[in-house]
Amino acid sequence: MTGGGTSMSLTGAEIQNEAGAKLGEAELLLRTLLDNLPVAVCRYDREGIFRFHDGKGLEVSGIKPGEHLGKSVYELYAGAPGAVEAIQQALAGKATHTVTEAHGITWETWFVPVRYNGEPGAVTITMDATAARQREQELRSKLELIEKQQRVIRDLSTPIIEVWDKVLTLPMVGVVDSLRISEVMDNLLNAVVNKDARFAILDLTGVDAVDTRTAGYLIEMINAIRLLGAEGIITGIRSNVAQTMIALGLDLSGVTTVGNLRAGLKLCMRRMAAAGEGGVAPAAK
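Everything numeric in this text was worked out from a predicted model, so none of it was measured. (Residues numbered from 1 in each chain as written. Predicted model: local features only at pLDDT ≥ 70, side-chain atom pairs only at ≥ 80, totals over all residues. Heavy atoms only, no water.)

### Things to note about the overall build of the protein
Phase 1 of the analysis: Counting its regular elements, the protein contains eight helices and 12 strands.
Phase 2 of the analysis: Residues classed as buried in the protein amount to 32% of the 285 residues present.
Phase 3 of the analysis: Summing over all exposed atoms, the protein offers an accessible surface of approximately 17,100 Å²; the carbon and sulfur share of this is 56%. (Helix = DSSP H or I, 4+ residues; strand = E, 2+ residues; numbered from the N terminus. Buried < 20%, exposed > 50% of the residue type's maximum accessible area, 1.4 Å probe, protein only. Areas by Shrake-Rupley, 256 points an atom, 1.4 Å probe, with all protein chains shown as cover.)

### Some words on the packing of aromatic side chains
Phase 1 of the analysis: Within the structure shown, the criterion is met by one aromatic pair.
Phase 2 of the analysis: Residue placement shows Arg-43 over the ring face of Tyr-116; its charged tip is 3.9 Å from the ring centre.
Phase 3 of the analysis: Residue placement shows Arg-198 over the ring face of Phe-199; its charged tip is 4.5 Å from the ring centre. (Phe/Tyr/Trp six-rings, centres within 6.5 Å; stacked < 30°, edge-to-face > 60°. Lys NZ or Arg CZ within 6 Å of the ring centre and 35° of its normal.)

### Considering the pattern of salt bridges
Phase 1 of the analysis: Evaluated as defined, the whole model comprises seven salt bridges.
Phase 2 of the analysis: In this structure, the salt-bridge partner of Arg-46 is Glu-119, at a minimum N-O distance of 2.5 Å. One end of the pair, Arg-46, is in the loop between strand 3 (39–44) and strand 4 (50–54); the other, Glu-119, is in strand 7 (residues 119–128), and 73 residues separate them in sequence.
Phase 3 of the analysis: Judged by its relative accessible area of 49%, Arg-46 is partly exposed.
Phase 4 of the analysis: The salt bridge partner of Glu-162 is Lys-195, with a shortest N-O separation of 3.7 Å. Of the two residues, Glu-162 is situated in strand 8 (residues 161–164) and Lys-195 in the loop between helix 5 (178–194) and strand 10 (199–210); the sequence distance between them amounts to 33 residues. (Salt bridge = Lys/Arg side-chain N within 4 Å of Asp/Glu carboxyl O.)

### Section: the nonpolar core
Where a protein is soluble and globular, its nonpolar side chains tend to be buried together.
Phase 1 of the analysis: Membership of the largest hydrophobic core comes to 30 residues, with the highest contact counts inside it found for Met-172, Leu-188, Leu-202 and Met-221.
Phase 2 of the analysis: The set of elements that each furnish at least two residues to this core consists of strand 9 (167–176), helix 5, strand 10, helix 6 (212–227) and helix 7 (239–247).
Phase 3 of the analysis: Ranked by the residues each element gives to this core, the list is headed by helix 6, at eight residues.
Phase 4 of the analysis: Those residues in contact with Leu-188 that sit more than four places away from it in its chain are Ile-160, Leu-170, Ala-200, Leu-202, Met-221 and Ile-225.
Phase 5 of the analysis: Counting 10 residues, the second largest nonpolar core, distinct from the first, contains Tyr-44, Phe-50, Ala-90 and Leu-91. (Core = buried A, V, L, I, M, F, W, Y, C linked by side-chain atoms within 4.5 Å. Contact = heavy atoms within 4.5 Å.)

### A look at the confidence of the model for the protein
Phase 1 of the analysis: Of all residues in the protein, 83% attain a pLDDT of 70 or more, and the chain-wide mean is 81.
Phase 2 of the analysis: Confidence scores differ between elements of the protein, with strand 1 (residues 2–3) showing the lowest mean pLDDT of 46 and strand 11 (residues 231–235) the highest of 94.
Phase 3 of the analysis: Low pLDDT (under 50) marks residues 1–7, which in the prediction has four contacts with non-local residues, meaning those over four places away or in another chain.
Phase 4 of the analysis: Predicted confidence for residues 279–285 stays below pLDDT 50, and this span has 14 contacts to residues more than four positions away or in other chains. (pLDDT = per-residue confidence, 0-100.)

### What to know about the side chain of Asp-45
Phase 1 of the analysis: Inspection of the secondary structure assignment puts Asp-45 in the loop between strand 3 and strand 4.
Phase 2 of the analysis: Judged by its relative accessible area of 16%, Asp-45 is buried.
Phase 3 of the analysis: At 3.0 Å, the side chain of Asp-45 forms a polar contact with the side chain of Arg-51.
Phase 4 of the analysis: When near neighbours in sequence (up to four residues on either side) are disregarded, Asp-45 contacts Arg-51, Leu-91, Pro-120 and Gly-121. (Polar contact = N/O pair within 3.5 Å; in protein donor to acceptor, adjacent residues only side chain to side chain.)

### Considering helix 3 (residues 81–91)
Phase 1 of the analysis: All buried positions along helix 3 are accounted for by Val-84, Ala-86, Ile-87, Ala-90 and Leu-91. One side of helix 3 holds all its buried residues, which, seen down the axis, span an arc of 160°.
Phase 2 of the analysis: Phi for Gly-93, located one or two positions after helix 3, is positive at around 105°. (Arc of directions from axis to C-beta.)

### Description of the pairing of strand 11
Phase 1 of the analysis: With five of five residues buried, strand 11 lies mostly within the body of the structure.
Phase 2 of the analysis: Here five bridges tie strand 10 to strand 11, and the two strands are oriented parallel to one another. By the bridge assignment, Phe-199 is partnered in strand 11 with Glu-231.
Phase 3 of the analysis: Between the parallel pair strand 10 and strand 11, the chain is carried across by helix 6, and the sense of this crossover is right-handed.
Phase 4 of the analysis: Remark: the strand 11/helix 7/strand 12 (residues 256–258) crossover connection has right-handed handedness. (Pairing = 2+ DSSP bridges. Right-handed = clockwise from strand over helix to strand, strands pointing away.)

### Quick look at a nonpolar patch on the surface
Phase 1 of the analysis: Residues Trp-110, Val-112, Ile-125 and Met-127 make up a contiguous nonpolar surface patch of about 280 Å² in total accessible area.
Phase 2 of the analysis: Elements supplying a minimum of two residues to the nonpolar patch: strand 6 (105–116) and strand 7.
Phase 3 of the analysis: Note that Val-112 resides in strand 6. (Patch = residues over 30% accessible without salt bridge, like charges linked within 9 Å, V, L, I, M, F, W, Y side chains within 5 Å.)

Now the structure itself:
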């Protein structure tokens, strides 16, 4: 190739030197990896005989580099059928990846089909993944703990209380989002069935705000309670929550609402007394 009259072509010797330099660099990089990382690299010929066996990762197993050279992988790993099968698949041209436990160590291995001097073979790259697996398990345990703590917090912030025979109340606190209200709905409906409740009071006195979906869920909850043969009552709606419901155009005409929990409990007891269900109507104030 020419450019501006200057020849840019490479001679055969230069090409050979460049290829040799690249090969030498690749060998340097491989040697650096084998000597410094917890990996073991092996190459097998088509008969499953070790032709390369090296890497710092062998130290963990007490095996010296090159110790298995000339040996059959099928004989050495006769007690590990999974490894033998993976090597057979690699020799047949199929790459696989496994994670195994042995002697308290987690081994992650890649089985890769290769050709060497035109002959089929296989290469395995094995890494001591114990530390990574331990970190993964620790992270999973922490996430599980956080989830449990969040469930406890949600349960504490939305306790279902049987304040009177057949009367349940659900005092809600803070910001109520759609995820939280969905869980609360399931718990409350189960409690209505299990307690054979006549009334379920949703007390929103401590609720600072609701999102648009949550307001709709509240109405759905009241309707679901009604389908179970009980009556849902909403108490303590704050002005901003009321404005949200109005802005959404929700129809509250079929929902019983009172100013606070005390008034809601009085209403339940009066209705139970009127129905002869054992309630005692408190004196009105």
